[in-house]
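# Structure assessment
Listed below are the residues making up each chain.
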Amino acid sequence: MEATATAAAPDQMARTRIQSDTSWREKLFLGFIYVFILAFSLVCVIPFWIVLADSFASEASFLQYGYQILPSEWSLDAYKYLLQGGQFLTSYKNSLIVTIVGTVLAVIMTAMFAYVLAHPKVKYRHVLSFLTYLAMVLGGGLVGFYIMVTNWLHLKDSLWALILPYLLNPFYAFILVAFYKSLPYEINEAATIDGAGDIRLFYKIIVPISTPVIATVSLFYAIQYWNDWYLSLLFIDNYKLHPLQLMIRQLISNLNVSAYVGGGASYQVSAPTSAIQLATVCLTIGPIVFLYPFLQKYFVKGITIGAVKG
């Protein structure tokens, strides 16, 4: 027994040494990961902080020192100048209307269209899928698109010109199609036996089950509508109908500053253009930043729809 215990002692010491080395290596690796994540987070956060902090800097301080982590001279002139004319609030309202109405209509249309493409009993679903894919790959061209919106639909200087073109995104439709196809068809058969029609089946059963992917697509649509400035540049000439994004573009290019923030009046004092650009960015990103926490719990689950399951 003593000989056996004596022989087992070196093995136990060797295993303890191996476990100690493994634990040390794991701690070193975890420490490296934490340092890397911290450094990456700082790289992402510092630019946002600089924009936020320098939006409160005076124009003279900004022109003299440039971007600073903490401005040498604080001022609210940019925000006062930005809000005094009323155009900022008008553009904010336009962006909110376009984003809310556009997201709701786009999600409803995309969800219903994707359900048609995924339903096994729809006769021409493969043809519709091919046409949808073709539209996603080729597009319609700028000239024909402009003529259709302005001459045929007569949506020039209308907020509907910013909403209707984005009502159906083929890529988002295919995300929903992949999810619908993963659902067992027995759900449809059971609901049909119980007397549910297609519309009731879709809204009462399929939509509640599809909450994660629908929330993800809703976030995509909201960001698309909120960040878009191209359509307003094409179809909106009345600056009272301009959304925030086009207002930012005009301010960054130093165009029509007095028309946007001063209601067209001329001022003897030059506008703090650099700080106004930063202040406008800070005020613009608010709704999207607040939207992420509410949809974050659905985002990870919804974005992995269609992944290979083990």
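Whatever comes next refers back to the structure up there.
Let me begin by describing the structure that accompanies this report. Remember, it's a predicted structure, so these values are computed and weren't measured experimentally.

## Details of the overall build of the chain
Counting its regular elements, the chain contains 16 helices and zero strands. In the chain, buried positions account for 36% of the 310 residues. Carbon and sulfur atoms make up 69% of the accessible area of the chain, which amounts to about 19,100 Å² in all.

## Notes on unusual backbone geometry
The phi angle at His 154 is positive, at roughly 55 degrees, despite the residue not being glycine. With respect to the element layout, His 154 can be found in the loop between helix H6 (142–152) and helix H7 (160–163). A positive phi is found at Asp 157, a non-glycine position, where the angle reads about 55 degrees. With respect to the secondary-structure elements, Asp 157 resides in the loop between H6 and H7.

## Side note on the packing of helix H4 (residues 87–118) against helix H5 (residues 125–138)
Put simply, H4 and H5 touch, their axes get as near as 8 Å, and they point 130 degrees apart. Judged on the interaxial angle alone, H5 and H4 are oblique. Where H4 approaches H5, its residues Phe 113, Val 116 and Leu 117 are matched on the opposing element by Arg 125, Leu 128, Ser 129 and Thr 132.

## With respect to the pattern of salt bridges
Opposite charge on two side chains lets them pair, provided their charged atoms get close. Counted under the stated rule, the structure contains one salt bridge. The shortest N-O distance in the salt bridge between Asp 237 and Lys 156 comes to 3.6 Å. Here Asp 237, found in the loop between helix H12 (230–235) and helix H13 (244–252), pairs with Lys 156, found in the loop between H6 and H7; they are 81 residues apart in sequence, far enough to count as distant. The exposure class of Lys 156 is partly exposed, given its relative accessible area of 29%.

## Topic: helix H10 (residues 198–209)
Look at H10: 15 Å from first C-alpha to last across twelve residues, which is about the 16 Å you get at 1.5 Å a residue. Leu 201, Phe 202 and Ile 206 are the residues of H10 that are buried. Buried residues of H10 fall within an arc of 95 degrees about the axis and therefore sit on the same side. The outward face of H10, more than 90 degrees from its buried face, is lined by the exposed residues Ile 199, Arg 200 and Lys 204. At its buried positions, H10 is contacted by H4, helix H8 (170–182) and helix H9 (186–193).

Criteria and cut-off values
- Every chain begins its residue count from 1, and numbering advances along the sequence as written.
- Residue-level local features of this predicted model are given only where pLDDT is at least 70; pairs of side-chain atoms are given and counted only at 80 or more, and the full residue set underlies all totals for whole chains, interfaces and linings.
- Where side-chain values are given, they derive from all heavy atoms of the structure, hydrogens and water being excluded.
- A helix here means a DSSP run of H or I that spans at least four residues, while a strand means a run of E at least two residues long, and both kinds are numbered starting from the N terminus.
- Summary of the burial criterion: residues with accessible area below 20% of their type's maximum are buried, those above 50% are exposed, and those between are partly exposed, where the area comes from a 1.4 Å probe applied to protein chains only.
- Surface accessibility follows the Shrake-Rupley procedure with a 1.4 Å probe radius. Residue values consider only the protein chains on display as shielding.
- Angles shown run from 0 to 180 degrees and are taken between the N-to-C directions of axes, each axis being a line fitted to C-alpha atoms and, for helices, limited to the stretch in contact.
- Orientation labels follow simple angle bins: below 35 degrees gives roughly parallel, above 145 gives roughly antiparallel, 65 to 115 gives roughly perpendicular, and whatever is left gives oblique.
- Two residues form a contact once any of their heavy atoms are found within 4.5 Å.
- Only one rule defines a salt bridge in this text: a Lys or Arg side-chain nitrogen within 4 Å of an Asp or Glu carboxyl oxygen.
- Here the expected span of a helix is defined as 1.5 Å times the quantity of residues minus one.
- Directions from the helix axis toward the C-beta atoms define the arc.

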